[in-house]
Amino acid sequence: MSQLNPNHAQDAQDRYFMMLAIEQAKQGLYTTRPNPAVGCVIVQGETVVGQGFHPKAGQPHAEVFALKEAGNNATGATAYVTLEPCSHTGRTPPCAQALVDAGVKRVVIAALDPNPQVAGRGIRLLEQAGIEVTVGVLTSQAESLNRGFLKAMLTQMPYVRLKIATSLDGRTAMASGESKWITSSASREDVQRLRAQSGAIITGSNTIIADDPQLNVRSTKLGVSFEEVPKPLIVVLDRRQRLGHSPKSNYQLCRRTDTLYWREDSLVALLKALVSDHQCYDVLVEAGASVAGSFLSQHLVDELIVYQAPCLLGAQARPMVDFNPLALAQQRRLRIGSHEQTGSDLKLILFPV
């Protein structure tokens, strides 16, 4: 039987080595889409003999790289894996079987994989081979790396992050539309990391017309070349059909042949299609007040990221959200997950409550 909680004597050691596995997983955070970021560490006694991470879809999984590095030292060892090892054959062989074949004695797993092709089968395969399995070490830390993948496997909906750059008085642009730049270069660099971990970026036609953005990943500070990062799918909300692939649409995103134009009313239908048709599990919304308000009012935002600059733009400037509750009872309450300074700005990560 798999154990839900390790005993106290093993707890500190298990947490230490699982943290090493999580650090391994982070190395694939920007390149594994649509696969989850996974890390593995093989330990013989108290010595790490192998470690690895999943770098890219179609390439070997984390366990394979760690086992290869461990070699014969994997026999009788403990494997620490951030996500339940797969038990099915896809583009790569099943990792649970690779651990069995290597002769590991124990497998410690941070988080279960809700993918219907795995969903407990990896654990059963290991246990049937006589391997001791421990589940639930640093689960929240491991799951935070793959929020989109985990949510999509469970609900067929992506994890939606809404990013807003605002002034201290909650304004995103002057009345004329001028908005470059409210926030600091450090905040804009941080947004590059958000884009790099997103399968799709949603914006609105108003933003395209006003700002002509690229919405691309171009940072040289990601730890990997931005050329290795899968390009996020650009989705433009364009119900009035103001944009499209034509010589008249000379905006940068309109010149891209892979830009997706969504002209239906339902945002839920769009989000479901991004998962089912495009395998986009993490979605970033970078748009104006109207689109931001629509996502928030329809309870479609999982995480709100606000970069607040220490400046005042005044009452005539454009608001951060087009959302007009008529009473306090209709307000949207948020929980502060974290706060930090990025350059001269305050970065807030908030979650709906």
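Residues numbered from 1 in each chain as written. Predicted model: local features only at pLDDT ≥ 70, side-chain atom pairs only at ≥ 80, totals over all residues. Heavy atoms only, no water.

> Before we move on, can you summarise the overall build of the protein chain with the specific residues and values?
Scanning the protein chain from N- to C-terminus turns up 10 helices and 15 strands. Taking 353 residues into account, the globule formula puts the C-alpha radius of gyration at 20 Å, and the protein chain, at 22 Å, falls close to it. Taken over the C-alpha atoms alone, the protein chain extends approximately 70 × 45 × 40 Å along its principal axes. Burial statistics for the protein chain: of 353 residues in total, 49% are counted as buried. Look at the contacts in the protein chain between residues 6 or more apart in sequence, and 74% of them connect residues 24 or more apart. Accessible surface for the protein chain amounts to roughly 17,100 Å². Of this, 50% is attributable to carbon and sulfur atoms. One way to put it: in the protein chain the 35 positive side-chain charges average out to a point 6 Å from where the 32 negative ones average out. (Helix = DSSP H or I, 4+ residues; strand = E, 2+ residues; numbered from the N terminus. Rg over C-alpha atoms; globule rule 2.2 N^0.38 Å. Buried < 20%, exposed > 50% of the residue type's maximum accessible area, 1.4 Å probe, protein only. Contact = heavy atoms within 4.5 Å. Areas by Shrake-Rupley, 256 points an atom, 1.4 Å probe, with all protein chains shown as cover. Lys, Arg positive; Asp, Glu negative; His and termini not counted. Charge placed at Lys NZ, Arg CZ, Asp CG, Glu CD.)

> Report on the sheet that holds strand S11 (residues 282-285), specifying residues and quantitative values.
The strand order across the open sheet built from 8 strands is S10-S9-S8-S11-S6-S12-S15-S14, with neighbouring strands paired in mixed fashion. Taken across any chain shown, the strands that pair with only one partner, and hence form the sheet edges, are strand S10 (260-262) and strand S14 (334-342). For this sheet, the mean inter-axis angle between neighbouring strands, taken without regard to orientation, is 20°. Across 5 bridges, strand S12 (residues 303-308) lies against strand S15 (residues 345-352) in antiparallel orientation. (Pairing = 2+ DSSP bridges. Axes fitted to C-alpha atoms, helices over the stretch in contact; angles between N-to-C directions.)

> Tell me about the nonpolar core, and name the residues and values.
Core analysis: the largest hydrophobic core is formed by 30 residues, its most contacted members being Ile42, Leu99, Val104, Val107 and Leu126. Within the residue set of this core, elements represented by two or more residues are strand S1 (39-44), helix H2 (62-70), strand S3 (78-83), helix H3 (95-102), strand S4 (106-111), helix H4 (121-128), strand S5 (132-135) and helix H6 (147-155). When near neighbours in sequence (up to four residues on either side) are disregarded, Leu126 contacts Pro85, Ala96, Leu99, Val100, Val107, Ile131 and Val133. (Core = buried A, V, L, I, M, F, W, Y, C linked by side-chain atoms within 4.5 Å.)

> Report on the packing of H3 against H4, specifying residues and quantitative values.
Two quantities define a packed helix pair, namely the angle between the helix axes and the distance between the axes. In contact at an axis separation of 9 Å, H3 and H4 are set at 15° when each is read in the N-to-C sense. The angle between the axes of H3 and H4 places the two elements in the roughly parallel class. Taken as a pair, H3 and H4 cross one another with a handedness that is right-handed. Counted together, Ala96, Gln97, Leu99 and Val100 of H3 and Gly122, Leu125 and Leu126 of H4 form the full contact between these two elements. (Parallel < 35°, antiparallel > 145°, perpendicular 65-115°, else oblique. Left-handed = near helix turned anticlockwise from the far one by under 90°.)

> Now, about the layout of surface pockets: what can you tell me, with residues and values included?
Estimates place the volume of the second largest pocket at around 670 Å³. Listed by contribution, the elements that provide at least two residues to the lining of the second largest pocket are helix H1 (8-26), H6, helix H7 (185-196), S12, S14 and S15. Each residue belonging to the lining of the second largest pocket can be placed in one class, and the counts come to 14 nonpolar, 10 polar and 9 charged. (1 Å grid on protein atoms, 1.4 Å probe; cavity = no way out; pocket = protein on both sides within 12 Å on 5 of 7 lines; lining within 4 Å. Points joined across faces, edges and corners; volume = space filled by probe spheres on them. Nonpolar A, V, L, I, M, F, W, Y, C, P; charged D, E, K, R; others polar.)

> Residue-level account of the packing of aromatic side chains, with values.
Evaluated as defined, the whole model comprises 3 aromatic pairs. Seen from their ring centres, Tyr16 and Phe17 are 5.1 Å apart, and the 70° between their planes marks the pair as edge-to-face. Among the residues examined, Tyr16 registers a relative accessible area of 52% and is labelled exposed. Centre to centre, the rings of Phe17 and Tyr80 are 5.5 Å apart; their planes meet at 35°, and the pair counts as tilted. (Phe/Tyr/Trp six-rings, centres within 6.5 Å; stacked < 30°, edge-to-face > 60°.)

> Please give an account of the pairing of strand S2 (residues 47-53) that cites residues and values.
Relative to S2, S1 runs antiparallel, the two sharing 6 bridges. Paired with Val43 across the two strands is Val48, which belongs to S2. Hairpin connection, S1 to S2: the antiparallel pair is bridged by 2 residues, and Gly45 has positive phi, about 70°.

> How would you summarise the pattern of salt bridges if you had to cite specific residues and measurements?
Pairing is possible between side chains that carry opposite charge, provided their charged atoms lie close to one another. Scanning the model with the defined rule gives 14 salt bridges in all. Notably, a salt bridge pairs Arg147 with Glu303, separated by 3.5 Å at the nearest N-O pair. With a gap of 156 residues between them, Arg147 in helix H6 and Glu303 in strand S12 connect regions that are remote in the sequence. Residue class for Glu303 comes out buried when judged on its relative accessible area of 4%. Residue Arg161 is joined to Glu303 by a salt bridge in which the shortest nitrogen-to-oxygen separation is 3.7 Å. Placement of the pair is Arg161 in strand S6 (residues 159-166) and Glu303 in strand S12, with a sequence separation of 142 residues. Taking relative accessible area as the criterion, Arg161 reaches 4% and is therefore assigned buried. Look at the salt bridges and you will find they share partners, linking Arg147, Arg161, Asp282 and Glu303 into a network. (Salt bridge = Lys/Arg side-chain N within 4 Å of Asp/Glu carboxyl O.)

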